[in-house]
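The lines below spell out each chain.
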Amino acid sequence: MNARLARLALALYPLAYRRRYGEEMAALVEDQGASPRAVADLARGALSAHVRPEPAVAGALGRGERVRLGVSAVLLCWVLFAAAIFAFAKTTEEPAFRAAASAHAVLGGAHSTLQVLFVLASMAFLLGAAPLVVIALAQARKRPGVRRAALLAVGCVAVIVVATGAVVVVANHDPAPSEGARTALLAGWILVGVACAIGCALAARRGLFAAAIPAAALRLAAGCAAAVAVAMIGIAVATLVYLVGLVTSVTALASTPNGPLGNPDVRVSLLLVLMVMVATAVPAALGAKRAWRGAVAGGERSAG
Amino acid sequence: MRYISERSTDPGLLVLASLAEGPKHGYAITQDVEEVAGVKLGPGTLYGALSRLEGRDLIEALPSEDRRRPYKITAEGSAALAEQLAMLDRVVDTGMKRLRAAGATS
């Protein structure tokens, strides 16, 4: 069990570290024994390697690899960030919130800004991802790595389609399911949705590394990733403004019970949403910076 | 046996002191440090220190033996180790004198 956890902790290290030290570290774990302390030490070391990467190690990656890593980091963060936006939309969907947004300019402005930035980020996402998807699909037949990544992504999409269909059927069943059953259904659907989205993001990462991608497409993806990251930061700021505006101007609405179980209240729900946004926007910004630097440094001279 | 992290004793110093004896691979370094200093370097801590030392050209990797790659201290590493140990020596010397002085007056 500990050996498996140690391998998992080793897998958490950045690619450049795994490539340079992975074999040696695995050998050391075998020699020392995979104790719980060794696993914890590896996990802490992996976090440190991500937060404070050693330039000599991280710099050993090729430009194309840096772009791929950065773009895939933004992709994964965007998936989780989008889940937070969905939670924000669900939290503020009642007519009372629309009325508050109409009555208070700060709330209305923050909400509109959030919506506009979400649309722009989604467009940038599609613009950057579409050429990569087309390239990957064109190579899926010849490259087994790309084919496996594509199958994983298709599998994830199929799971969420089936889950959504099942939810729709159960929700419209006669007699109607109880309130508790509906809540459990919604919570389950959200969990499956997030898991499938993460699966798609990981499949995209595998595909990015397995496919031969022209430098121009990588540069476009890096630019779009930067746009998405900027929009994510903007959306997080807009959410903070909205939360502060709600708490200070519409106190009663801010303290109404919220969520599937009516607990916690709107303030706490939005604070949790904001925390997820910040926790994903920061690594997305770092990933976009890495991708952008890799792209402007010259990109790949040839495909692959 | 104490299990140290980067927040306590500087693992880089311990690794340099270990490699001053001659080239060693990861496990041999941890064994030596445990024997000499009484602390156990975890794999994450050890390789964090090795990557930093290597990045600063204080150590260099030798050709891999099986999956275990030995490291050796460089000339810059030896100089850095001597400088740090001299500083620590002054700290130890001053600290001991002050403790003795405090013991005499109390």
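Because the structure is predicted, anything quoted here is derived from the model rather than measured.

Asks: Can you tell me about the overall build of chain B, naming the residues and giving the values?
Replies: Check the secondary structure of chain B and you find four helices and four strands. Its helices and strands taken in sequence order, chain B reads β-α-α-β-α-β-β-α from the N to the C terminus. The contacts of chain B with a sequence gap of at least 6 include a subset with a gap of at least 24, amounting to 52%. Carbon and sulfur atoms provide 54% of the accessible area of chain B, an area that totals close to 5900 Å².

Asks: Before we move on, could you go through the overall build of chain A and cite the residues and values that matter?
Replies: A tally of helices and strands in chain A yields twelve helices and zero strands. The secondary structure elements of chain A, listed N-terminal to C-terminal, are α-α-α-α-α-α-α-α-α-α-α-α. Here chain A, with 304 residues, has 39% of them falling under the buried criterion. Long-range pairs, those at least 24 residues apart, make up 84% of the contacts in chain A with a sequence separation of at least 6.

Asks: Break down unusual backbone geometry for me, citing the residues and quoting the values.
Replies: All names here are of chain B. We note that Asp57 has phi near 60°; this positive angle belongs to a residue other than glycine. For Asp57, the location among the structural elements is in the loop between helix 3 (43-55) and strand 3 (59-61). A relative accessible area of 47% means that Asp57 is categorised as partly exposed.

Asks: Break down the environment of A:Ala138 for me, with residues and values.
Replies: Residue and element names in this part refer to chain A. Structurally, the position occupied by Ala138 is in helix 7 (residues 105-139). You can call Ala138 exposed: its relative accessible area is 64%. Once the C-alpha coordinates of Ala138 and Ala211 are considered, the two residues, 73 residues apart in sequence, prove to be 9.6 Å apart.

Asks: Go over the pattern of salt bridges with me, naming the residues and quoting the values.
Replies: Inspection of the entire model under this criterion finds 15 salt bridges over all chains. The salt bridge partner of A:Asp41 is A:Arg44, with a shortest N-O separation of 3.4 Å. In this pair, A:Asp41 and A:Arg44 both sit in helix 3 (residues 36-51), three residues apart, roughly one turn of the helix. A cluster of three or more residues bridged by salt bridges with shared partners is formed by A:Arg20, A:Glu24, B:Glu54 and B:Arg69.

Asks: Quick one: what's the story with the packing of aromatic side chains, residue by residue and with numbers?
Replies: All names here are of chain A. Applying the stated rule across the entire model yields seven aromatic pairs over all chains. When the ring of Tyr17 is compared with that of Tyr21, the centres are 6.3 Å apart and the planes differ by 45°; the resulting orientation is tilted. Remark: Tyr21 and Tyr17 occur in helix 2 (residues 15-32); sequence separation between them is four residues, near one turn of the helix. Tyr21 carries the same exposure label as Tyr17, and that label is buried. When the ring of Trp78 is compared with that of Phe81, the centres are 5.9 Å apart and the planes differ by 20°; the resulting orientation is stacked.

Asks: Explain the packing of helix 1 (residues 2-11) of chain A against helix 2 of chain A residue by residue, including any values.
Replies: Any two packed helices are characterised by the angle at which their axes cross and by the distance between the axes. All names here are of chain A. Across the interface, helix 1 lies against helix 2 with an axial gap of 10 Å and an inter-helix angle of 165°. As judged from the angle between their axes, helix 1 and helix 2 are roughly antiparallel. For the element pair helix 1 and helix 2, the recorded crossing hand is right-handed. Packed against helix 1, whose contacting residues are Ala6, Leu10 and Ala11, the element helix 2 presents Arg18, Met25, Ala26 and Val29 at the interface. Class assignment for the residues of the contact of helix 1 with helix 2 results in six nonpolar, no polar and one charged.

Asks: With reference to specific residues and values, describe the environment of A:Glu30.
Replies: Within the element layout of this structure, A:Glu30 appears in helix 2. Taking the C-alpha atoms as reference, A:Glu30 lies 9.7 Å from A:Ala6; in sequence the two are 24 residues apart. Leave out the neighbours within four places in its chain, and A:Glu30 touches B:Arg67 and B:Arg68. A distance of 3.1 Å separates polar atoms of two side chains, one belonging to A:Glu30 and the other to B:Arg67.

About the criteria used
- Residues numbered from 1 in each chain as written.
- Chains lettered and ligands numbered in written order.
- Predicted model: local features only at pLDDT ≥ 70, side-chain atom pairs only at ≥ 80, totals over all residues.
- Heavy atoms only, no water.
- Helix = DSSP H or I, 4+ residues; strand = E, 2+ residues; numbered from the N terminus.
- Contact = heavy atoms within 4.5 Å.
- Areas by Shrake-Rupley, 256 points an atom, 1.4 Å probe, with all protein chains shown as cover.
- Buried < 20%, exposed > 50% of the residue type's maximum accessible area, 1.4 Å probe, protein only.
- Salt bridge = Lys/Arg side-chain N within 4 Å of Asp/Glu carboxyl O.
- Phe/Tyr/Trp six-rings, centres within 6.5 Å; stacked < 30°, edge-to-face > 60°.
- Axes fitted to C-alpha atoms, helices over the stretch in contact; angles between N-to-C directions.
- Parallel < 35°, antiparallel > 145°, perpendicular 65-115°, else oblique.
- Left-handed = near helix turned anticlockwise from the far one by under 90°.
- Nonpolar A, V, L, I, M, F, W, Y, C, P; charged D, E, K, R; others polar.
- Polar contact = N/O pair within 3.5 Å; in protein donor to acceptor, adjacent residues only side chain to side chain.

Functional significance is not addressed by these values, which are geometric in nature.
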